[in-house]
Amino acid sequence: MADTGVSRRQSLRFLLLYALASAGGAIAYVPFLTIWLPARMSGLAGAADVQSLGYVTFFGAVAASIGGIVFGWLSDRTQGRRSWVAAGLVLTIGLLIAMPQADDVTTLVGLIVAWQLALNMILGPLAAWAGDCVPDDQKGLLGGLLAFSPALGAWSGALVTLPGLVSANDRLVLIAALVAAAVLPVLLFGRPRAFPELSAPASAVAGDRGVRPTGPAVRMWLARLLVQIAEAALFAYLYFWFRSIDPDMHDNEKARIFSLALTLAVPIALTAGRWADRHDRPFRPLVFAAGISAVGMVGMALSATPDLAKASYLVFGIATTVFLSLHTSQTLRILPRPERRARDLGIFNLTNTVPSLIMPWLTISLVPGFGFDALFLLLAALTSVAVLLLATMPRLSRPA
């Protein structure tokens with residue numbers, strides 16, 4: 001007997017638990033890397049804190065790149081995701097709690113590298129798990145739900161820094177508890193419906209046609225890299241740009257604008273993702289989101305008043321968050337080999353880490369001589385290339 005329409009869709013319960021687990025990654029690294037680590041580095045390195053933080057960023061990005069590929073590959077080989085996620089969770093929590101024990105920069109850098117490997121032991125297999133059990137006609141919804149990740153990361157940073165809640169070192173214990181609360185439910189209660197065809201080897205699915213074409217995967221990889229370069233630049237230098245626009249702007253206002261953009265992106269991503277599912281147009285929202293992101297950066301470059309600068313950043317921040325969330329889920333449909341899904345997602349993860357190595361050179365080359373305006377216009381041009389890559393993507397309809 002043929003499966004009913006309901007049985008061919010993944011349960012909403014699992015999708016919600018999965019999205020919460022994915023947000024656990026953002027909860028792990030956003031408050032840790034943006035709040036605790038810089039403060040700790042200042043205490044350990046003194047005047048050399050910026051340089052030392054640069055070393056941590058570099059080696060951490062290398063570790064994250066390697067960890068995503070290696071642990072993804074291992075979860076492919078063992079044909080299991082849950083056990084790797086569980087092991088990564090235990091190690092991530094243990095290393096977070098151990099961080100305050102580092103009493104010199106070298107030890108702290110070593111712990112950060114180990115922590116990045118452990119975190120990607122969670123994130124690599126977890127990303128592939130969605131590809132194993134979320135059909136194509138629900139990937140837009142999945143992408144919308146993944147928009148909660150950066151928002152929850154920002155909100156967790158606000159929570160752990162509430163005055164009088166916990167001490168500076170105890171913040172890591174609270175972060176670890178929040179990560180466990182986010183990831184454990186899908187491990188304990190996640191019972192996804194099985195879709196064997198989603199994990200069947202490409203040759204078994206395609207028959208004589210061989211594996212899926214790699215062209216769409218290359219386009220998606222390049223498009224995300226270009227958008228991520230812009231996102232990384234704004235993430236790192238937003239504070240300084242706002243200060244150049246309005247020296248009197250309070251830090252709390254900067255944080256509220258950043259959080260507002262991430263929050264407003266959630267309902268927009270959900271709406272766009274559901275539209276893509278209903279109309280079988282998986283890449284159309286990505287084209288529009290990247291285009292609007294470029295418009296936002298042009299507005300930032302041309303902003304002459306603080307209010308226009310804030311509005312332009314909100315346009316950029318919302319559109320970029322929508323793009324990255326939906327891109328993450330739609331990438332699952334274009335990977336050429338399902339049996340190597342997690343390894344390939346590890347390669348896609350390079351689009352998250354490589355920009356951290358590219359962005360500083362762009363900024364150093366442009367901002368001192370030409371200002372932030374030139375940087376934003378260049379980033380808008382790069383994002384426009386991403387628009388062209390996706391707008392000319394061949395349509396991939398879901399199977400009948």
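Residues numbered from 1 in each chain as written. Predicted model: local features only at pLDDT ≥ 70, side-chain atom pairs only at ≥ 80, totals over all residues. Heavy atoms only, no water.

**Some remarks on the overall build of the chain**
Of regular secondary structure, the chain possesses 15 helices and zero strands. In summary, the chain has a C-alpha radius of gyration of 21 Å against a globular reference of 21 Å for 400 residues, a match within 12%. Oriented by its inertia axes, the alpha-carbon framework of the chain measures out at about 70 × 45 × 30 Å. Across the 400 residues of the chain, 50% fall into the buried class. The contacts in the chain between residues at least 6 apart in sequence include a share of 84% that link residues at least 24 apart. For the chain, the computed accessible surface area is about 17500 Å², with 67% contributed by carbon and sulfur atoms. Computed over 30 positive and 22 negative side-chain charges, the inter-centroid distance for the chain is 9 Å. (Helix = DSSP H or I, 4+ residues; strand = E, 2+ residues; numbered from the N terminus. Rg over C-alpha atoms; globule rule 2.2 N^0.38 Å. Buried < 20%, exposed > 50% of the residue type's maximum accessible area, 1.4 Å probe, protein only. Contact = heavy atoms within 4.5 Å. Areas by Shrake-Rupley, 256 points an atom, 1.4 Å probe, with all protein chains shown as cover. Lys, Arg positive; Asp, Glu negative; His and termini not counted. Charge placed at Lys NZ, Arg CZ, Asp CG, Glu CD.)

**Focus on the packing of helix α1 (residues 12-45) against helix α6 (residues 148-160)**
One can describe the packing of α1 onto α6 by two numbers: an axis separation of 7 Å at closest approach and a directional angle of 45 degrees. Judged by the inter-axis angle, α1 sits oblique to α6. Remark: the crossing between α1 and α6 carries right-handed chirality. Taking contact as the criterion, the partners of Ala 19, Ser 22, Ala 23, Ala 26, Ile 27, Val 30, Pro 31 and Ile 35 in α1 are, on α6, Ser 149, Pro 150, Leu 152, Gly 153, Ala 154, Ser 156, Gly 157 and Val 160. Classifying every residue of the contact of α1 with α6 by side-chain character gives 11 nonpolar, five polar and no charged. (Axes fitted to C-alpha atoms, helices over the stretch in contact; angles between N-to-C directions. Parallel < 35°, antiparallel > 145°, perpendicular 65-115°, else oblique. Left-handed = near helix turned anticlockwise from the far one by under 90°. Nonpolar A, V, L, I, M, F, W, Y, C, P; charged D, E, K, R; others polar.)

**Description of the pattern of salt bridges**
Using the criterion set out here, one finds seven salt bridges in the structure. Put simply, Arg 341 and Asp 132 hold a salt bridge, and the shortest N to O gap is 2.7 Å. With a gap of 209 residues between them, Arg 341 in helix α14 (residues 341-348) and Asp 132 in helix α4 (residues 105-133) connect regions that are remote in the sequence. In this pair, the class of Arg 341 matches that of Asp 132, namely buried. Where Asp 136 meets Lys 139, a salt bridge forms, and the shortest distance between an N and an O atom there is 2.7 Å. Comparing Asp 136 with Lys 139 shows no difference in burial state: the two are buried. One salt-bridge network, in which partners are shared between bridges, spans Asp 76, Arg 81, Asp 132 and Arg 341. (Salt bridge = Lys/Arg side-chain N within 4 Å of Asp/Glu carboxyl O.)

**Observations regarding the packing of aromatic side chains**
Considering all chains together, one arrives at 11 aromatic pairs under this definition. Consider the rings of Phe 32 and Trp 36, whose centres lie 5.6 Å apart with planes at 15 degrees: the pair is stacked. Of this pair, Phe 32 and Trp 36 both sit in helix α1, four residues apart, which is roughly one turn of the helix. Judged by its relative accessible area of 0%, Phe 32 falls in the buried class. (Phe/Tyr/Trp six-rings, centres within 6.5 Å; stacked < 30°, edge-to-face > 60°.)

**Observations regarding the nonpolar core**
Formed by 110 residues in total, the largest nonpolar core has its most connected members in Met 99, Trp 241, Tyr 313, Phe 376 and Leu 379. Take this core: its biggest share by element is 14 residues, from helix α10 (residues 215-245). In contact with Phe 376, other than residues within four places in its own chain, are Leu 234, Trp 241, Met 297, Met 300 and Ala 301. (Core = buried A, V, L, I, M, F, W, Y, C linked by side-chain atoms within 4.5 Å.)

**Considering helix α12 (residues 284-302)**
Helix length check: α12, at 19 residues, gives a terminal C-alpha distance of 28 Å against a target of 27 Å (1.5 Å per residue), a fit within 8%. Of the positions making up α12, those classed as buried are Pro 285, Leu 286, Val 287, Ala 289, Ala 290, Ser 293, Ala 294, Gly 296, Met 297, Gly 299, Met 300 and Ala 301. (Expected span 1.5 Å × (residues − 1).)

**Description of a nonpolar patch on the surface**
Together, Tyr 55, Phe 58, Phe 59, Val 62, Ile 66, Val 70, Leu 357 and Ile 358 give the surface a local cluster of nonpolar side chains, amounting to about 650 Å² of exposed area. Taken together, the elements giving at least two residues each to the nonpolar patch come down to α2 (49-78) and α15 (350-391). Considering each element in turn, the nonpolar patch owes the most residues, six residues, to α2. Note on placement: Phe 59 falls in helix α2. Residue classification places Phe 59 among the partly exposed positions, given a relative accessible area of 41%. (Patch = residues over 30% accessible without salt bridge, like charges linked within 9 Å, V, L, I, M, F, W, Y side chains within 5 Å.)

**Digging into unusual backbone geometry**
One non-glycine residue, Gln 79, adopts positive backbone phi at about 55 degrees. Within the fold, Gln 79 resides in the loop between α2 and α3 (82-98). By relative accessible area, Gln 79 is classed as exposed at 74%. With a phi close to 55 degrees, Asp 280 is a non-glycine residue in the positive phi region. By the secondary structure assignment, Asp 280 is in the loop between α11 (251-279) and α12.

**Brief notes about α4**
Compared with the 42 Å implied by 1.5 Å per residue over 29 residues, the 42 Å span of α4 between its first and last C-alpha is a close match. The distance from a side-chain oxygen at the start of α4 to the backbone nitrogen of Thr 106 is 3.1 Å, and the residue carrying that oxygen is Asp 104. (Polar contact = N/O pair within 3.5 Å; in protein donor to acceptor, adjacent residues only side chain to side chain.)

**As for the packing of α6 against helix α7 (residues 170-189)**
To characterise two packed helices, one gives the angle between the axes of the helices and the distance between these axes. Running from N to C, α6 and α7 cross one another at 145 degrees; their axes reach a closest spacing of 10 Å. Crossing of α6 against α7: the hand is right-handed. Between α6, through Ser 156, Leu 159 and Val 160, and α7, the contact on the second element is made entirely by Arg 171, Leu 174, Ile 175 and Leu 178. Per-class residue counts for the contact of α6 with α7 are five nonpolar, one polar and one charged.

Read these as spatial facts, not as claims about activity.
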